[in-house]
Amino acid sequence: MTVLEQPGSYRPAPPPAWQPRTDPAPLLPDAEPYRLLGTDAAAGLDPALLKRLYGQLVRGRRYNGQATALTRQGRLAVYPSSTGQEACQVAAGLVLEERDWLFPSYRDTLATVVRGLDPVQALTLLRGDWHTGYDPHEHRIAPLCTPLATQLPHAVGLAHAARLKGDDVVALAMVGDGGTSEGDFHEALNFAAVWKAPVVFFVQNNGFAISVPLAKQTAAPSFAHKAVGYGMPGRLVDGNDAAAVHEVLSEAVRRARGGAGPTLVEAVTYRIDAHTNADDATRYRADSEIEAWRAHDPIDLLERELTGRKLIDEAGMRAEREAAERLAADLRERMNQDPALDPMDLFTHVYAEQTAQLREQADRLRAELAAAGESATQEGAQR
Amino acid sequence: MTVLEQPGSYRPAPPPAWQPRTDPAPLLPDAEPYRLLGTDAAAGLDPALLKRLYGQLVRGRRYNGQATALTRQGRLAVYPSSTGQEACQVAAGLVLEERDWLFPSYRDTLATVVRGLDPVQALTLLRGDWHTGYDPHEHRIAPLCTPLATQLPHAVGLAHAARLKGDDVVALAMVGDGGTSEGDFHEALNFAAVWKAPVVFFVQNNGFAISVPLAKQTAAPSFAHKAVGYGMPGRLVDGNDAAAVHEVLSEAVRRARGGAGPTLVEAVTYRIDAHTNADDATRYRADSEIEAWRAHDPIDLLERELTGRKLIDEAGMRAEREAAERLAADLRERMNQDPALDPMDLFTHVYAEQTAQLREQADRLRAELAAAGESATQEGAQR
Amino acid sequence: MTTAAVRSGHKPATMAQALGRALRDAMADDPSVHVLGEDVGALGGVFRVTDGLAKEFGEDRCTDTPLAEAGILGAAVGMAMYGLRPVVEMQFDAFAYPAFEQLISHVSRMRNRTRGAVPMPVTVRVPYGGGIGGVEHHSDSSEAYYMATPGLHVVAPATVADAYGLLRAAIASDDPVIFLEPKRLYWSKDHWDAAHPETVPGIGRAVVRRPGSSATLITYGPSLPVCMEAAEAAVAEGWDLEVVDLRSLVPFDEETVCASVRRTGRAVVVHESAGFGGPGGEIAARVTERCFHHLEAPVLRVAGFDIPYPPPMLEQHHLPGVDRVLDAVARLQWESQWTSAGHEGGAR
Amino acid sequence: MTTAAVRSGHKPATMAQALGRALRDAMADDPSVHVLGEDVGALGGVFRVTDGLAKEFGEDRCTDTPLAEAGILGAAVGMAMYGLRPVVEMQFDAFAYPAFEQLISHVSRMRNRTRGAVPMPVTVRVPYGGGIGGVEHHSDSSEAYYMATPGLHVVAPATVADAYGLLRAAIASDDPVIFLEPKRLYWSKDHWDAAHPETVPGIGRAVVRRPGSSATLITYGPSLPVCMEAAEAAVAEGWDLEVVDLRSLVPFDEETVCASVRRTGRAVVVHESAGFGGPGGEIAARVTERCFHHLEAPVLRVAGFDIPYPPPMLEQHHLPGVDRVLDAVARLQWESQWTSAGHEGGAR
Ligand SMILES: Cc1ncc(C[n+]2csc(CCOP(=O)(O)OP(=O)(O)O)c2C)c(N)n1
Ligand SMILES: Cc1ncc(C[n+]2csc(CCOP(=O)(O)OP(=O)(O)O)c2C)c(N)n1
Ligand SMILES: [Mg+2]
Ligand SMILES: [Mg+2]
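Q: How would you explain the coordination of the magnesium ion (ligand 3) if you had to name every residue and give the values?
A: Residues and elements named next belong to chain A. The protein atoms that coordinate the magnesium ion (ligand 3) are D177 (OD), N206 (OD1) and F208 (O), at distances spanning 2.1 Å. Considered as a linear motif, the donors of the magnesium ion (ligand 3) on their single chain read D-x28-N-x1-F. Highlighted residues: D177 in the loop between β2 (171-176) and α8 (183-195) and N206 in the loop between β3 (199-205) and β4 (208-209), separated in sequence by 29 residues. Assessed through its relative accessible area of 4%, N206 is described here as buried.

Right, dumping it as structure tokens:
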């Protein structure tokens, strides 16, 4: 039997003997988002994991703040902040094994940093000195993806390829609520389900696609419900509950790793900042909405759990904040250095082998640069 | 309140006070296809409707046979037969009001004929003298659509426009099982649900997309289940049961007309013929499968109902077959005439106003044709 | 600046404002004009071109759609079939690509395939081109794709007045128009009398922006200011350059362009999109075909390099600037060595 | 004819068979080569190019995908990221359009955006062009779109041997290749020795198919047979035409083309896709730039009209045939009136 033979998938035999269909009921996601923090179930959680999550949340929040500050200082061209979404980012960055792959969207630099990427490399795209600031193979992180939802079929193809090769590799693909409307979302989920590819689709529903609210994006009961139409399980989780997101994603990863195929996870969260520093969110949403969500802050939720269970004290929290400050200071310092740029790089990686045509154009640019350099030197000499 | 304000659609308030979600359970389609013929419920059906359906089925089958024969005689470039799917075609052609719009795919010429289109016009695309053989506005039938699923967003836009104008117009859009995999299917259903557009999406699941069987197309419990992810009702119906398809489609049309928004209907049927006359179906399916489906033939099913209830006798059936023969003879005769072609038409409708560039090209072609005509005349004169 | 201020016509307006004004006036004049796209409602579009339209005309006339470009354009096709005049906003050039099939296979052909029964009065507004420090996928120049698609009109304004006049003409057109809005000119300002938009002729007419006698610069959209600057700088070198602004790539105004080149005998096509397979090839080939006898030198091209659009910190090296235009002008064989070489080199 | 018969090399093979053989040999040589697309499995593709591959290599190597072109190409991107060499079949040219965003925004740029870390050895096979009586949307010529996209290679074989050799080269390439298979040549047959495929050089090399001295016909893919026929017919008119088969549009073999045109002094570009914005513009402009001194006449173009592809019963009027090619050759100013006109006309 080949990997692609799918026992139990849709194959209605001729009537009147209709083949039994998979019972859709177990496929239906819960109506309410799954939560752990503040519930009885939280008592069973591993304290070490909770503390790890907490440290990452605190650093993540600080990272978001620092990156936003860098846009004001002209050190980043643009920054799409994940403030308020740190529980999703941190969980996504932690649930994978080293050999697994992460497929982030442009908003998910924090997840890549949590996974181990140098923040300067993660921010290269947004600083503007190159498109992808890292070697995707090194950390198994696909390029930060701007065209919405287009990274989802990549995740499916990669996971499928790994499975064909017999490798134990899971792909976690991230997308926003807005991105779910794109055709690529649909095609990726369908391919993954038909191929039983080891992929986890992770929808961060932060309430908005730039200015467009959920009600203009979908009429579905939830994004998790979309799973039904592909024959995969859908899970709905409180996206500000780091423990719950971590658990749901981990389960989905385990399921994929075990050969049971893809899962669609929707985390309900909220984008506290504007879409990017260039956006004016007051045009489309009320401050009161933001305030209501601030009362459900991912750091607060976890902090309450930790302090309530005396797993952390004031000194412990201070230590995490100090670690976060060090990270921010390091980031600030390194981002304040001008990146080394070589204009000739424009031509270096268009093709494996440079074409004669590009060689000619590269020569032209080189000559221009040389002439400019000379005249700059001459001017310098004249002064 | 504007047409676009959607009470009750997805708008989660900040936790912990999650807004109640729409209960998805009523959205779930039945696990078994809906059937009427041969069941107790059939007793309640209008005999006139059944007889009308029967007449159309018989004519439809004959039409399919005649069109296929025309390909062998070189009178059609290609014909994608709907033999075996006549119940779906006939129902789709009958459920709409005159003011409504039908959006057919390339396989749905029979539905357009049932709706009232001259079969010669319906077959123009497949004969090859022009793309669309009719004025879409005259019968409110969109052009037969070759690029799969691309007609679905058109149906949504048209229905939405009609609703904005306050017109009572429903759009019925047809697509195959294969077409559901395209991104346009997803985008159209999502737009329709968000806009609450008066559209009925009608998936004719005939078991194959050319050679590709269902199991390689989807892992969903059924295509009707895809409705859940858009927040619209999904209905599964026996596509060979003309009464059931007619009822389910009619209900969906009524629902759309009443302002309740779109419905997704899946009819389970079977493509008895090859994909087109150019296809070799023996490469990918067993004859036994076809035979099993022949035992569930849409005409037989309805004939059994009609004869069982003594609504038709042998003479009545013969009359229908004779009507079908007349239709076929007329079609044969008219299709055996060469269509009148004007090569200058190439340039006539590219733009509302012909550009200078096209005028120049038209002049060139006209000169070529004149020269060819002259030399043909000369040759004729010399003989 | 508010729309009211623009309307007064006393203050200079930006191109973005003029475009917004054109949408507003078109919507006010014709109830069948509908604007749809991502973030065109409350936000007013990411470039604020649709600012205020949802408020003035309601969300049914200016509609925030779900995030799906094929769906948007596909829905526009259906709306046009029902007699509306949809104006679609694509958020950035590269984000129009998902709608490519709808554009090529339906929008551009609907009139033709139905023998004129179903026209497609759809305007697709595409903020396009680079030079604004945009990150990856936010600075593409995609006009070559549209030019190569029969059935479309392709328009690219370069001035504030043209932005208004051509957008009005595009919306009024019974044919589909790809309306390319040069991103880096959105904030360009000009005194412009909104009361007299009729100074801009319809689609398909080029204009001589600067008369000259030595050579012709043929350009459009974001490269017009570059060419104007180059022409000024060229005076010092002794060249009196004529600058032709195409305004429409389709229909192509061969008459105006060829009249200029026949007069000057030399030409350079300047655009920002990649050179190979770009608009310049068509323009140079066409001008050469029609004006060969008048050419003192081959028509040269100054274009973006044949590379994916570079990251913001390197884009200045990619974009054709004044120096590259002047370089090309300098290579137009001013000594007319060709007169002899042409005969010798061709010896067979 | 079975693959075995082709393999023997004794009988003439069709282009479709040669392509199938290339896929088979590539899959046999390299386990990382995977074929995917619609109906490529049991059916062997609608043109039977993949016939037998699923049987020989299993469904995991030759895979019938769900019906979604963006999904297919997007999955291929991911497969390539993981080290496979996907060969994607698009069923017809127009049905590649849904994959346009994946192609432009990812396939063509992945190497560049990752500074070489993530190459894209993806081959996209596109049955293309008209002349087979196909109904609407089954006869497009889409090469202009691909040519205008930096980062892609674009290849179009015209002979049975080239079909094999170039497809092997495409699959072996570490860069993405759009492989355009002229539909109307699928059933063209040729004696061709499968044992010596190395006679075909790699991608990017044009070839002189017929040497000649009067003028150069520059062409590729489905128009090559037309040009060869035209060249034979031209002999009677006293013209000895050289025919250059480009084989690749990208990289463009300027050297071979320009060497020919410099020798002949006259050139006509012939292709089936629409003229305006089509490949001929780039080719004519480029040749003119480089060979201006050697040209006795402007480089002319013979192409499809600037219209949506017509229905089958009218396609013969659209497709460039021998007569149109000869007409263009006749317009190449054989009396060299231009010599004087060039000087007079340019008077200012
Ligand atoms: C194909 C495509 N269309 C449009 C855009 C422009 N755009 C960038 S972000 C964005 C909103 C995305 O919303 P969502 O998916 O919810 O992600 P979020 O920004 O909330 O993280 C849009 C429309 C894009 N990047 N890609
Ligand atoms: C976008 C697109 N891709 C591919 C094709 C080629 N093609 C024509 S019919 C077909 C199969 C369609 O299957 P299905 O949707 O189930 O409809 P059916 O033929 O069974 O009626 C394919 C792949 C196409 N027409 N359009
Ligand atoms: Mg969002
Ligand atoms: Mg089917």
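Still more to cover.
Q: Describe in detail the coordination of the magnesium ion (ligand 4), supporting the description with residues and values.
A: Residues and elements named next belong to chain B. Protein coordination at the magnesium ion (ligand 4) comes from D177 (OD), N206 (OD1) and F208 (O), with a distance range of 2.0 to 2.1 Å. The sequence pattern formed by the donor residues of the magnesium ion (ligand 4) is D-x28-N-x1-F. In this pair, D177 is assigned in the loop between β2 (171-176) and α8 (183-195) and F208 in strand β4 (residues 208-209), connecting sequence segments 31 residues apart. With relative accessibility at 1%, the residue D177 sits in the buried group. Taking the relative accessible area as the measure of exposure, F208 reaches 7% and is therefore buried.

Q: Quick rundown of the interface of chain B and chain D? Include the residues and the values.
A: Listed by partner, the interface residues are 39 residues for chain B and 35 residues for chain D. Of the roughly 3,200 Å² buried between chain B and chain D on both sides combined, carbon and sulfur atoms contribute 63%. Run the count over chain B and chain D and you get 4 salt bridges. Across the salt bridge formed by K216 of chain B and D64 of chain D, the nearest N and O atoms sit 3.9 Å from each other.

Q: Before we move on, could you go through the pairing of strand β4 (residues 85-89) of chain D and cite the residues and values that matter?
A: Residue and element names in this part refer to chain D. Where burial is concerned, most of β4 is hidden: 5 out of the 5 residues are buried. In β4, alternate side chains face the same way, and those of R85, V87 and E89 on one face and P86 and V88 on the other are all buried. One ladder, built from 5 bridges, connects strand β2 (residues 33-37) with β4; its direction is parallel. Bridge pairing in β4 links G37 to E89. Looking at chain direction, β4 and strand β5 (residues 123-128) are connected through 3 bridges and run parallel. Note on β5: the bridge partner recorded for E89 is R125.

Q: I'd like to hear about the nonpolar core, residue by residue, with values.
A: Formed by 200 residues in total, the largest nonpolar core has its most connected members in F201 of chain A, F201 of chain B, L73 of chain C together with L73 of chain D. For F201 of chain B, the contacting residues outside a window of four places in its chain are L152, V156, A173, A188, L189, A192, M232, P262, T263, L264 and V265 of chain B.

Q: Describe in detail the pattern of salt bridges, supporting the description with residues and values.
A: For the structure on display, the rule yields 104 salt bridges over all chains. The partner of R271 of chain B in a salt bridge is D279 of chain B, with the nearest N and O atoms 3.9 Å apart. In this pair, the class of R271 of chain B matches that of D279 of chain B, namely buried. Between R290 of chain D and E254 of chain D there is a salt bridge, with the nearest N and O atoms lying 3.0 Å from each other. Of this pair, R290 of chain D sits in helix α11 (residues 279-291) while E254 of chain D sits in helix α10 (residues 254-264); the two residues are 36 residues apart in sequence, bridging distant segments of the chain.

Q: Now, about the site of ligand 2: what can you tell me, with residues and values included?
A: The immediate surroundings of ligand 2 are formed by 21 residues, with Y106, R107, G179 and N206 of chain B together with E69 of chain D found nearest. Flanking ligand 2 are residues from chains B, C and D. F208 of chain B has a polar backbone atom sitting 2.9 Å from an oxygen atom of ligand 2. Between ligand 2 and E69 of chain D, the relevant distance is 2.5 Å, taken from a nitrogen atom to a side-chain nitrogen or oxygen of the residue. In isolation ligand 2 exposes 580 Å². Once the protein is present, 96% of that is buried.

Q: Give a detailed account of the sheet that holds β2 of chain A, specifying residues and quantitative values.
A: The strands that make up a sheet are held in pairs by hydrogen bonds between backbone atoms, and each pair lies either parallel or antiparallel. All names here are of chain A. Pairing in this open sheet of 5 strands is parallel, and the strands run β1-β2-β3-β7-β6 from one edge to the other. A strand with exactly one partner marks an edge of an open sheet, and here the two such strands are β1 (101-103) and β6 (234-238). The mean angle between the axes of side-by-side strands here comes to 20°, regardless of whether they run parallel or antiparallel. Note: β1 against β2, 3 bridges, orientation parallel.

Q: I'd like a rundown of the site of ligand 1, residues and numbers included.
A: For ligand 1, the set of nearby residues contains 21 residues, the closest of which are Y106, R107, G178 and N206 of chain A together with E69 of chain C. Looking at the residues close to ligand 1, they fall on chains A, C and D. One of the backbone nitrogen or oxygen atoms of L148 of chain A is found 3.1 Å away from a nitrogen atom of ligand 1. Within the side chain of D177 of chain A, one N or O atom sits 3.0 Å away from an oxygen atom of ligand 1. Here ligand 1 loses 96% of its free accessible area of 580 Å² to cover by the protein chains. For the shell around ligand 1, the per-class residue count stands at 8 nonpolar, 7 polar and 6 charged.

Q: Which residues make up the packing of aromatic side chains, and what values do they have?
A: In this structure the tally under the stated criterion is 39 aromatic pairs over all chains. For the ring pair F100 of chain C and F100 of chain D, a centre distance of 3.5 Å and an interplane angle of 5° mean the geometry is stacked. With F100 of chain C in helix α5 (residues 100-107) and F100 of chain D in helix α5 (residues 100-107), the pair connects residues from two separate chains. Across the pair, F100 of chain D and F100 of chain C agree in class, each one buried.

Q: Quick rundown of the domain arrangement of chain C? Include the residues and the values.
A: All names here are of chain C. When the domains of chain C are assigned, the result is domain 1 (8-191) and domain 2 (207-338). The C-alpha-based centres of domain 1 and domain 2 are spaced at 27 Å. Across the boundary between the two partners, domain 1 contributes 27 residues, which contact 23 residues of domain 2. For the domain 1 and domain 2 pair, buried surface summed over both sides reaches about 1,900 Å², with 60% attributable to carbon and sulfur atoms.

Q: I'd like to hear about the packing of helix α1 (residues 47-72) of chain B against helix α11 (residues 298-308) of chain B, residue by residue, with values.
A: Residues and elements named next belong to chain B. Their axes nearest at 10 Å, the elements α1 and α11 cross at an angle of 145°. Once α1 is placed against α11, the crossing between them reads as left-handed. Within the contact between the two elements, α1 uses L50, K51, L53, Y54, L57, V58 and R61 and α11 uses P298, I299, L302, E303, E305 and L306. Residue composition of the contact of α1 with α11, grouped by class: 9 nonpolar, no polar and 4 charged.

Q: Outline the state of the cysteines, listing residues and values.
A: Applying the stated criterion to the full structure yields 0 disulfides over all chains. Between C88 of chain A, a cysteine without a disulfide, and C145 of chain A, which holds the nearest cysteine sulfur, the sulfur-to-sulfur distance is 19 Å. Among the residues examined, C88 of chain A registers a relative accessible area of 0% and is labelled buried. Summary of cysteine pairing: C227 of chain C is not part of a disulfide, and the nearest cysteine sulfur, belonging to C258 of chain C, is at 17 Å. Relative accessible area serves as the criterion here: at 0%, C227 of chain C is assigned to the buried category.

Q: Give me the lowdown on the confidence of the model for chain C, citing residues and values where you can.
A: Residue and element names in this part refer to chain C. Mean pLDDT over chain C: 93, with 92% of residues reaching 70 or higher. Low pLDDT, under 50, characterises residues 1-8; the stretch is placed with 14 contacts to residues that sit more than four places away or in other chains. Within the model, the stretch residues 337-348 combines pLDDT values under 50 with 25 contacts to residues more than four positions away or in other chains. The ipTM value of the predicted complex is 0.95, and its pTM value is 0.95.

Rules behind the numbers
- Residues numbered from 1 in each chain as written.
- Chains lettered and ligands numbered in written order.
- Predicted model: local features only at pLDDT ≥ 70, side-chain atom pairs only at ≥ 80, totals over all residues.
- Heavy atoms only, no water.
- Donors = N, O, S within 2.8 Å, 3.2 Å for Na, K, Ca; no water.
- Helix = DSSP H or I, 4+ residues; strand = E, 2+ residues; numbered from the N terminus.
- Buried < 20%, exposed > 50% of the residue type's maximum accessible area, 1.4 Å probe, protein only.
- Contact = heavy atoms within 4.5 Å.
- Buried area = accessible area lost by both parts, 1.4 Å probe.
- Salt bridge = Lys/Arg side-chain N within 4 Å of Asp/Glu carboxyl O.
- Pairing = 2+ DSSP bridges.
- Core = buried A, V, L, I, M, F, W, Y, C linked by side-chain atoms within 4.5 Å.
- Near = heavy atom within 4 Å.
- Polar contact = N/O pair within 3.5 Å; in protein donor to acceptor, adjacent residues only side chain to side chain.
- Areas by Shrake-Rupley, 256 points an atom, 1.4 Å probe, with all protein chains shown as cover.
- Axes fitted to C-alpha atoms, helices over the stretch in contact; angles between N-to-C directions.
- Nonpolar A, V, L, I, M, F, W, Y, C, P; charged D, E, K, R; others polar.
- Phe/Tyr/Trp six-rings, centres within 6.5 Å; stacked < 30°, edge-to-face > 60°.
- Domains from an automatic or database assignment.
- Left-handed = near helix turned anticlockwise from the far one by under 90°.
- Disulfide = S-S within 2.5 Å.
- pLDDT = per-residue confidence, 0-100.

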